[in-house]
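Each chain, letter by letter, is given below.
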Amino acid sequence: MAHAPVVAHAPAVAHAPAGMVADTYARAGAFAEWYQGRYIRGWGGAQPCAFIDGVSLGLVDHGGNRYSSVVNAYEITTGVRATTRAAVRSLAGAGLQPTEPPAYCRR
């Protein structure tokens, strides 16, 4: 049985969408940065969230600030930022397939 790909063509993003940086930094442990030409943002804590170019990155919390993502299901990293960066490297320029983020992850 074939599985649907997790990637799509990368969107063109010239700058961070308005309000994203201010909203992200209001959360503890938050980050918002350009990484390898992609705009990433997110935060850890009780309700971890991550976005690549505004698209939600599905995270799996393994406890102790360790996470994996839908892109790197078998690679457990420490911290949401490291997990998001690992996903960007794996995507190699491709974009995430848009999915609905958890209700607590505001875009």
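Rules and cut-offs
- Residues numbered from 1 in each chain as written.
- Predicted model: local features only at pLDDT ≥ 70, side-chain atom pairs only at ≥ 80, totals over all residues.
- Heavy atoms only, no water.
- Helix = DSSP H or I, 4+ residues; strand = E, 2+ residues; numbered from the N terminus.
- Buried < 20%, exposed > 50% of the residue type's maximum accessible area, 1.4 Å probe, protein only.
- Contact = heavy atoms within 4.5 Å.
- Areas by Shrake-Rupley, 256 points an atom, 1.4 Å probe, with all protein chains shown as cover.
- Salt bridge = Lys/Arg side-chain N within 4 Å of Asp/Glu carboxyl O.
- Pairing = 2+ DSSP bridges.
- Phe/Tyr/Trp six-rings, centres within 6.5 Å; stacked < 30°, edge-to-face > 60°.

(A) Spatial organisation of the overall build of the protein chain. The number of helices and strands found in the protein chain is two helices and nine strands. Walking the protein chain from its N terminus toward its C terminus, one meets helices and strands in the order β-α-β-β-β-β-β-β-β-α-β. Counting the 107 residues in the protein chain, one finds 39% classified as buried. Considering only intrachain contacts with a sequence separation of at least 6, the fraction spanning at least 24 residues in the protein chain is 45%. By element, 57% of the accessible surface of the protein chain is carried by carbon and sulfur atoms, the whole surface being about 6000 Å².

(B) Representation of the pattern of salt bridges. Under the definition given, this model contains three salt bridges. Between Arg85 and Glu33 there is a salt bridge, with the nearest N and O atoms lying 2.8 Å from each other. With Arg85 in helix 2 (residues 80-91) and Glu33 in strand 2 (residues 31-35), the pair connects residues that are 52 residues apart, well separated along the chain. A cluster of three or more residues bridged by salt bridges with shared partners is formed by Glu33, Arg81 and Arg85.

(C) Representation of the pairing of strand 2 in the model. Judged by how many residues are buried, strand 2 sits mostly within the fold: four of five residues are covered. As judged from the five bridges shared by strand 2 and strand 3 (residues 38-43), these two strands associate in the antiparallel manner. Within strand 3, the position partnered with Glu33 by the bridge is Ile40. Between strand 2 and strand 3, which pair antiparallel in sequence order, lie two residues; one of them, Gln36, sits at a positive phi of approximately 50 degrees.

(D) A look at the packing of aromatic side chains. Overall, the coordinates contain two aromatic pairs when judged by the stated rule. Note on Trp43 and Phe51: the rings are 6.3 Å apart at their centroids and 40 degrees apart in plane angle, and the pair reads as tilted. By relative accessible area, which is 4% here, Trp43 ends up buried. A residue is classified by how much of its surface remains accessible, and Phe51, at 1% relative accessible area, is buried.

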